[in-house]
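One-letter residues, chain by chain:
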Amino acid sequence: MATEFHNLQELRHSASLANKVFIQRDYTDGTVCKFQTKFPSELDSRIERTLFEDTVKTLNTYYAEAEKIGGQSYIEGCLACLTVYLIFLCIETRYEKVLKKISRYIQEQNEKVYAPRGLLITDPIERGMRVIEISVYEDRGSSGSSSGSSTTSSSGR
Amino acid sequence: MITRKITRKWEKLPGKNTFCCDGRVMMARQKGVFYLTLFLIVGTCSLFFAFECPYLAVHLSPAIPVFAVLLFVFVMAMLLRTSFSDPGVLPRALPEEANFIEMEIEAANGNVLAGQRPPPRIKNVQINNQIVKLKYCYTCKIFRPPRASHCSICDNCVDRFDHHCPWVGNCVGKRNYRYFYLFTLSLSLLTIYIFAFDIVHVVLRSVDSGFVNTLKETPGTVLEVLVCFFTLWSVVGLTGFHTYLISLNQTTNEDIKGSWSGKNRVQNPYSHKNIIKNCCEVLCGPTYPSVLDRRGLMLEDSCSSAPSNGATTVPLNKSSNPATQTTKSSAPLIPNEHTPDEAKPSIGSGTQKSSSSPKEEKPSSPISPNAVAPAVIKESTH
């Protein structure tokens, strides 16, 4: 496994984008936001399976927390309705708070886990919560594996 | 030399929406009927406050106009909230994502002989032990999430699409369905309220002055009664219909298409089989954020060229970058197909924006999965 050690700054200057991998949504539990934990084959040589699965499972937990329908969401909903939803001008909704947590988590994961391996996760909210986009970087100037080889195996099985 | 011009993302969004207040307000293009709605509500309430309220406040109770004002404010707030908010539009796939999906589809389809129609693009997903088919949207270049649908009027895929309502001048979807429901409910109450007190007012006055004189003194009453009478039937009916849909956790779109009805059809996998739970989920669920980021800043570089893929340096500034590549998506592989039935393999017209398939909105959409065996990408997660 060719490990290229980068931090985020190095990625910017010395690495070039080789490929992007998209982790799709998992709809088996309905329309709640949840991503598949299936390990994509393109990342086989880049990162350990457990690290990847941990990241996705943590993200799924965050989203489940944001979309939980329970006591707090009822109170928020009723209070907002009584104030004709003007209260959202003052306070943040629970979902927005969790999205900020997610953003910080992804930033932290990028810095600690993914950038050292030449990968970068894009926050799903920037892709319409449809996919987790993982950018795969190669060292500029290295005759590394081209992106062509990974396309044939991206059959999503 | 790079010159930077700052534009907001809403200026470059595809689709047929109009934006106001620098991206804060989002509506459909045709707003005529919405203005009519506004006019009817504001006009009728003004007449009520002018003609009925002074009399009723004195002769019956001052609480009557106060309550009417509160109800009116609530109705207007709900209407404006429904009309101005993002219904849950799904952004279109950027070129890399579109290509990724194309390659998945091609891998699943195998070799299609020249001259043969490619099979329709469907993904089967198991939700709560039911098989649900996800369709591919040729305009947005994505497989639509369950319950999403493409609105041909606004030219967007909308999550949990209910219907496009010309009266509010916007689509009704996941993010604004509860406001729409509260609007119809409160409007029903307001209409009934005004209608009832119109009658009371006319009766009370007629006792003093006689019926014909009353009508001469308060001509506004006649107009109000007319408007309320016709509004009552439609709005109260609509409220009842949506209450029924909410209790079953269905959308208007699913109801019209008969997705969950009929013997051979799948049962609704999203329903909790409990009316109260369904109502709570729809009305008291979390407030979903907009994923469109209308007011985000887009930095345009004058010397930018939009490369699709390959070895390019990508700045890590996540907020600006990918949107500068074309948001009018142009996947080079399948440029211009509307639906599988109309497939015209015209490779090379890649930059033309494919228009929405108008068949999406009609209930009897001619999908032909029986004629051509569909290549189905089966998803089974472990």
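Note that the structure is predicted; figures quoted are calculated from it, not measured.

(A) Region of interest: the overall build of chain A. When you go through chain A residue by residue, the secondary structure sums to five helices and three strands. The helix and strand sequence of chain A, counted from the amino end, reads α-β-α-α-α-β-β-α. Taken across its 157 residues, chain A has 54% of its residues classed as buried. Across chain A, every contact between residues at least 6 apart in sequence was considered, and the portion connecting residues at least 24 apart equals 64%.

(B) Seen up close, the pairing of strand 3 (residues 132-139) of chain A. Residues and elements named next belong to chain A. Counted residue by residue, strand 3 has seven buried out of eight residues, so it is predominantly covered. As paired elements, strand 1 (residues 15-23) and strand 3 share eight bridges and run antiparallel to each other. The residue of strand 3 that forms the bridge with Val 21 is Ile 134. Where strand 2 (residues 119-122) and strand 3 come together, four bridges link them in antiparallel fashion. Each bridged residue has a counterpart across the sheet, and for Ile 121 the counterpart in strand 3 is Ile 134.

(C) Here's a closer look at helix 6 (residues 219-248) of chain B. Residue and element names in this part refer to chain B. Helix length check: helix 6, at 30 residues, gives a terminal C-alpha distance of 44 Å against a target of 44 Å (1.5 Å per residue), a fit within 8%. Along helix 6, the sharpest change in direction is near 35° and occurs at Leu 232. For helix 6, the full list of buried residues reads Gly 220, Thr 221, Glu 224, Cys 228, Leu 232, Val 235, Thr 239, His 242, Leu 245, Ile 246 and Ser 247. The positive-phi residue at the C-terminal boundary of helix 6 is Asn 249, with phi of around 55°.

(D) Spatial organisation of the confidence of the model for chain A. Residues and elements named next belong to chain A. In the predicted model, chain A carries a mean pLDDT of 82, and the fraction of residues at 70 or more is 82%. For chain A, helix 5 (residues 148-152) is the element with the lowest average pLDDT, namely 42, and helix 2 (residues 49-66) is the one with the highest, namely 94. Of the regions scoring below 50 in pLDDT, residues 143-157 engages in 18 contacts with residues more than four places distant in sequence or in other chains.

(E) Summary view of the packing of helix 1 (residues 32-59) of chain B against helix 2 (residues 63-84) of chain B. Residues and elements named next belong to chain B. Helix 2 packs onto helix 1 with a crossing angle of 175° between their chain directions and a minimal axis gap of 10 Å. The orientation of helix 1 relative to helix 2 falls into the category roughly antiparallel. Judged by residue contacts, Phe 34, Thr 37, Leu 38, Ile 41, Val 42, Cys 45, Phe 48, Phe 49, Cys 53, Leu 56 and Ala 57 of helix 1 engage Ile 64, Pro 65, Ala 68, Val 69, Phe 72, Val 75, Met 76, Leu 79, Leu 80, Ser 83 and Phe 84 from helix 2. Here the residues of the contact of helix 1 with helix 2 sort into 20 nonpolar, two polar and no charged.

(F) Representation of the side chain of Glu 52 of chain B within the structure. All names here are of chain B. With respect to the helices, strands and loops of the structure, Glu 52 is situated in helix 1. The buried charged residue Glu 52 lacks any salt bridge, with Arg 205 as its nearest oppositely charged partner at 7.5 Å. Among the polar contacts listed, one links the side chain of Glu 52 to the side chain of Thr 221, at a separation of 2.8 Å. Once residues within four sequence positions are removed from consideration, Glu 52 is found in contact with Leu 47, Phe 197, Asp 198, His 201, Thr 221 and Glu 224.

(G) Broad picture of the interface of chain A and chain B. Each partner contributes residues to the interface: chain A has 51 residues there, and chain B has 48 residues. Counting the contacts that link chain A with chain B gives two salt bridges. One salt bridge in this structure joins Lys 20 of chain A and Glu 96 of chain B, with 3.5 Å as the shortest N-O distance. Counting every contact that joins chain A to chain B gives four residue pairs in polar contact (both at pLDDT 80 or more). Among the secondary structure elements, those contributing two or more residues to the side of chain A that touches chain B are helix 1 (8-14), strand 1, helix 3 (71-82), helix 4 (94-114) and strand 2 of chain A. Partitioned by chemical class, the residues of the side of chain A that touches chain B number 22 nonpolar, 16 polar and 13 charged.

(H) Main features of the pairing of strand 2 (residues 17-20) of chain B. Residue and element names in this part refer to chain B. Across the two faces of strand 2 the burial differs, with Asn 17 and Phe 19 buried and Thr 18 and Cys 20 not buried at all. Here four bridges tie strand 2 to strand 3 (residues 25-28), and the two strands are oriented antiparallel to one another. Of the residues in strand 3, the one forming a bridge with Asn 17 is Ala 28. Once strand 2 ends, the chain turns through four residues before running back antiparallel as strand 3, passing Cys 21 with a positive phi of about 50°.

(I) Layout of the nonpolar core. If you look at the biggest cluster of nonpolar residues, it comprises 43 residues, and the most contacted ones within it are Ile 41, Met 78 and Phe 183 of chain B. Among the secondary structure elements, those contributing two or more residues to this core are strand 3, helix 1, helix 2, helix 4 (177-209) and helix 6 of chain B. Discounting chain neighbours no more than four positions away, the residues touching Ile 41 of chain B are Phe 72, Val 75, Met 76, Leu 79, Phe 183 and Leu 187 of chain B. Counting residues in hydrophobic clusters, the runner-up holds 29 residues, among them Leu 43, Leu 99, Tyr 105 and Ile 121 of chain A.

(J) Focus on the sheet that holds strand 4 (residues 89-90) of chain B. All names here are of chain B. Spatially, three strands are ordered 4-9-8 in an open sheet, and the strand pairing comes out antiparallel. Strands with a single pairing partner mark the edges of an open sheet, and in this sheet they are strand 4 and strand 8 (149-151). Here three bridges tie strand 8 to strand 9 (residues 156-158), and the two strands are oriented antiparallel to one another. In the sheet register, His 150 faces strand 9, and the bridge partner there is Cys 157.

(K) Geometry of the packing of aromatic side chains. Taken as a whole and judged by the stated rule, the model has 21 aromatic pairs over all chains. Aromatic pair Tyr 85 of chain A and Phe 88 of chain A: ring centres 6.2 Å apart, planes at 40°, arrangement tilted. Each member of the pair, Tyr 85 of chain A as well as Phe 88 of chain A, is classed as buried. Judged by centre distance (6.5 Å) and plane angle (35°), the rings of Phe 195 of chain B and Phe 229 of chain B are tilted. With Phe 195 of chain B in helix 4 and Phe 229 of chain B in helix 6, this pair connects stretches of sequence that are 34 residues apart. Its relative accessible area of 37% is what places Phe 229 of chain B among the partly exposed residues. Put simply, the rings of Phe 48, Phe 49, Phe 67, Phe 72, Tyr 193 and Phe 197 of chain B pair up and form one aromatic cluster. A cation over a ring is seen here: Arg 160 of chain B above Tyr 177 of chain B, with NZ or CZ 5.3 Å from the ring centre. The ring of Tyr 288 of chain B carries Lys 174 of chain B above its face, with NZ or CZ at 4.2 Å from the centroid.

(L) Expanded view of unusual backbone geometry. All names here are of chain B. The phi dihedral of Lys 141 is positive, around 60°, even though this residue is not glycine. Within the fold, Lys 141 resides in the loop between strand 6 (130-137) and strand 7 (142-143). Look at Asp 293: it is not a glycine, yet its phi comes out positive at around 50°. For Asp 293, the position within the fold is in the loop between helix 8 (275-284) and strand 12 (297-301).

Rules behind the numbers
- Residues numbered from 1 in each chain as written.
- Chains lettered and ligands numbered in written order.
- Predicted model: local features only at pLDDT ≥ 70, side-chain atom pairs only at ≥ 80, totals over all residues.
- Heavy atoms only, no water.
- Helix = DSSP H or I, 4+ residues; strand = E, 2+ residues; numbered from the N terminus.
- Buried < 20%, exposed > 50% of the residue type's maximum accessible area, 1.4 Å probe, protein only.
- Contact = heavy atoms within 4.5 Å.
- Pairing = 2+ DSSP bridges.
- Expected span 1.5 Å × (residues − 1).
- Bend = angle between axes of the 7 residues up to and from the residue.
- pLDDT = per-residue confidence, 0-100.
- Axes fitted to C-alpha atoms, helices over the stretch in contact; angles between N-to-C directions.
- Parallel < 35°, antiparallel > 145°, perpendicular 65-115°, else oblique.
- Nonpolar A, V, L, I, M, F, W, Y, C, P; charged D, E, K, R; others polar.
- Lys, Arg positive; Asp, Glu negative; His and termini not counted.
- Salt bridge = Lys/Arg side-chain N within 4 Å of Asp/Glu carboxyl O.
- Polar contact = N/O pair within 3.5 Å; in protein donor to acceptor, adjacent residues only side chain to side chain.
- Core = buried A, V, L, I, M, F, W, Y, C linked by side-chain atoms within 4.5 Å.
- Phe/Tyr/Trp six-rings, centres within 6.5 Å; stacked < 30°, edge-to-face > 60°.
- Lys NZ or Arg CZ within 6 Å of the ring centre and 35° of its normal.

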